Every structure is written in structure tokens, then in C-alpha cells.
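Overview (structure and organization)
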Amino acid sequence: MADKKTYQKVVLAYSGGLDTSIIIPWLKENYGCEVIAVSGNVGQADELEGLEEKALKTGASKLYIEDLQDEFVDDFVFPTLKAGAVYEGKYLLGTSFARPVIAKRIVEIAKAEGADAICHGCTGKGNDQVRFELTIKAFAPNMPIIAPWRIWDIKSRDEEIDYAEAHNIPLKINRETNYSKDKNLWHLSHEGLDLEDPANEPKYDEILEMGVSPEKAPDAPAYLTLTFEKGVPVALDGQRMKGADLIKKLNELGGANGVGLADLVENRLVGMKSRGVYETPGGAILYHAHDVLESICLDKATQHYKQKAAMEFADLVYNGQWYTPLREALSAFVDKTQETVTGEVKLKLYKGNIINAGVTSPYSLYSEEIATFGEDEVYDQMDSQGFINLFGLPIKVKALLDEKKLK
């Protein structure tokens, strides 16, 4: 049952998937309101086909399809990449950082339309409800939010399909292939059905859309060279291109070579563990290349401290806290570290593996003259004796004390 409040005009975060497809008629039934649907194009490609016709047929008064791809990449993906942020060591945050850019645009449209509420189709068990609503609070702190999953009588995806069939709402899925998916130009996630049991191996040959399994990748390796400027990838094999286009090209290369698959059980913000399978071919390549370049451009202390900050950054992104002072402060720190992260990284892709094939930078801190195992005139190996004596002094003092106690 809907709550007792009344609304005249509601803006719905609309994807055309199962949840939001049935929410349009549900809102009209329960509130009698006008529904304006908004879809943020963050690179989900074919999922946008026929979306306007579907939204209008199911009761929306209009549909906005907003092209957010460049903003998504430049203002969310690349800052996260520069931070080296990876959630729990595996998840490259594909769904997480797509939500703030979409929600921000929804608020802008809601204000322009004079809407008196915003609605989303996120479940009460997931992370996305937090990501959407924290962004809404950041830009429209007094805007009412409708979350049907918290208040309607529907309890499962099967019941959602029942509702859709009863209301003649066309769906692109059926009960047997009803995985919960999220797609954008950075990744594709798969959850639900057999994947809910971590004991089950993913049916890669059935579910993969962005590439192939490592077993089906070519027998010959593929080489590529990425150029970075201040931590941002700007060219592929010498050809400069904007970020969104570069990611799409890397998705093709990585996908064809079985790169970027992640199968993990993650800790959701709401407290439960969730099993997901992610395809992030281009993202995996970019993270690997960026890490390789940083290894020669950052000093040890900065590199190690940045790794600590990356964990906090990843938590903030995952938890929907993009628009917070801490995230902004961490990004400022990250940008400072990236001033010398410029150069080229050559990689080899082979059957799911990303293999280093060379790295150069005008700001490289690596000195072959100092690091060589051969004869050199710039490093006096006798200096290490005094260093070890001082560095090991606390250990020596503790050992001498222990010896006295034993006597």
C-alpha cells in the first residue's frame, strides 16, 4: 500500500527494467499523480532502445533521456581511477559511481518541472537506495522521496513479473533468465538466480555480454599502449580520444581477450553479504595500467599513503557519499599526487590476464644506474652497514634486554 501523502507530479528514475517498468502504473494507481520518467544515459546502449515508447505506453507523461556519458567518465570514473579506489580488493565500483551523476540530473529535472516528489526503484536490501537518496539530499534536502519497495505489497521479482503481466507491461526478461543486471559503459553486473549460491560456478558462456571467458579468448596475445597525463588516460596506441570513447574501445579489446571478470561476495552497506559477477574489461585494463605508471612516478611514502586513502575513497563511493567534504578532500589529495603521473604503459592481454610489457615516464623515479646489479659508481654499498645498524637498533636493544632476563 502507498503512504497517505498525496503528490501531483512525481519524477521517476527510470531504466525500463523490471522494477521501474511496473512503478509507473503503480504510482498512478496509488497516488493518481503525473509521472515524469528520467533515464540517465551512462552508456547502457541498447537498453535505451524503445524506452520512450515503453515509458509513455505504461503511463508516463514524458521521458527525459539525458546523455551523461562524458560527465560520468570525466567527473566520476576518472577521479576514482586516479584514486586507485577498489572496493574490497575486487569491485571496480561500476554501479556505485554511476548513481550520483544520474541522481543529480534527476534533481535538476525535478526542480525544473516543479515536481513535488522523486521516486526510485531501488530495493530496501540494496546499496542503490542509499546512493540515490544521499545525492538527492545533497541537492534537494527537503524533496520527498518515494521508494515503492519499502511500502508496496510486492515481495519478489516473480511477483513483479505477475504485476507486469496483469498490466500488459512488456518485459525483455522471463522468469528463467531473470538476473538482476546493471549496465553502463564501465561495467555490467550480474546478480540473482543461481548466482545467489556462492557454491555455484557462474555460467559464463550464458551470461557474458561484454566479452568472452578466458577459455574462449584468442590463442595469440593482444598488445596495447595507453598514454596518461596527470593520471588521466588520454590516448590508446597513440590516438588521442575522449574518455568515454577510450573506455568503449578498451571494453572491446579487453572483452575479446577475456579480461576483467570478477566473481565476489561483497559486504553491502546495509549489512548483508551479496554475491555478484562483474564484467569490467576496459576498467580492469585502466586500473592495471595506472597502477603500473604510479609505480615509477610516485615516491614510496606517497604511494603507500595513497593506497591507504584509496580504501577510504572506495568506501565513500560504494556507500553513496560522493557529495561529501571528505570525498572532495581526498580528491584534492589525489590530484596533487597525480601531477607527475604522466607517461606510457604497454600491456599484453592474454586469456584473461593483463601482463606488463613496458612503462616509461618523463617523471620516472626509477634509476637504472642506482638499481643495477652490475658495477656502479653512484651507490656505496658500505653505506648500508650503518643504515642497518641504526634501523635495527630497537631490535638489538630488545634482544640484549631479553638476554639479561634469562641470566
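Structure's up top.
Residues numbered from 1 in each chain as written. Predicted model: local features only at pLDDT ≥ 70, side-chain atom pairs only at ≥ 80, totals over all residues. Heavy atoms only, no water.

1. What to know about the environment of Phe 97
Filter applied, for reference: A run of H or I in DSSP counts as a helix once it spans at least four residues, and a run of E counts as a strand once it spans at least two, with each numbered from the N terminus. Burial classes follow relative accessibility: with a 1.4 Å probe on protein chains only, a residue under 20% of its type's maximum area counts as buried, one over 50% as exposed, and anything between as partly exposed. Working rule for contacts: check all heavy atoms of both residues, and any pair within 4.5 Å makes them a contact.
Relative to the assigned elements, Phe 97 resides in the loop between α3 (69-83) and α4 (98-113). You can call Phe 97 buried: its relative accessible area is 0%. A sequence separation of 20 residues divides Phe 97 from Val 77, and the C-alpha atoms of the two residues are 7.0 Å apart. Leave out the neighbours within four places in its chain, and Phe 97 touches Phe 72, Phe 76, Val 77, Thr 80, Leu 92, Trp 186 and Val 317.

2. Quick word on the layout of surface pockets
Threshold: A cavity here means a set of 1 Å grid points, computed over protein atoms only, where a 1.4 Å probe fits but cannot escape. A pocket is an open set with protein on both sides within 12 Å along at least 5 of 7 lines, and lining residues have an atom within 4 Å of a point. Grid points are joined across faces, edges and corners, and a volume is the space filled by probe spheres set on the points. Three classes are used: nonpolar for Ala, Val, Leu, Ile, Met, Phe, Trp, Tyr, Cys and Pro, charged for Asp, Glu, Lys and Arg, and polar for all others, with Gly counted as polar.
Roughly 640 Å³ of internal volume is contained in the second largest pocket. Secondary-structure elements contributing two or more residues to the lining of the second largest pocket are α3, β11 (261-267), α10 (281-297) and α11 (300-318). Residues that form the lining of the second largest pocket fall into these classes: 18 nonpolar, 10 polar and six charged.

3. As for the packing of α3 against helix α9 (residues 243-256)
We count it as follows: An axis is simply a line fitted to the C-alpha atoms; with a helix, the fit covers only the stretch in contact. Between two such axes, the angle follows the N-to-C directions and lies from 0 to 180 degrees. Roughly parallel means an angle under 35 degrees; roughly antiparallel means over 145; roughly perpendicular covers 65 to 115; every other angle is labelled oblique.
One way to put it is that α3 packs onto α9 with a least axis distance of 8 Å and a crossing angle of 85°. As the angle between them shows, α3 and α9 are arranged roughly perpendicular. Contacts from Gln 69, Asp 70, Val 73, Val 77 and Phe 78 of α3 reach α9 at Gly 243, Ala 244, Ile 247 and Lys 248. Classifying every residue of the contact of α3 with α9 by side-chain character gives five nonpolar, two polar and two charged.

4. Looking at helix α12 (residues 325-337)
Note the cut-off: Here, expected helix span is obtained from the residue count minus one, scaled by 1.5 Å. By definition, the arc is the one covered by directions from the helix axis to the C-beta atoms.
Along its 13 residues, α12 runs 19 Å from first to last C-alpha, staying within 8% of the 18 Å computed at 1.5 Å per residue. Those residues of α12 that sit buried are Arg 327, Leu 330, Ser 331, Val 334 and Thr 337. With its buried residues spanning 115° around the axis, α12 presents them on a single face. The exposed set on the far side of α12, more than 90 degrees from its buried face, consists of Pro 325 and Lys 336.

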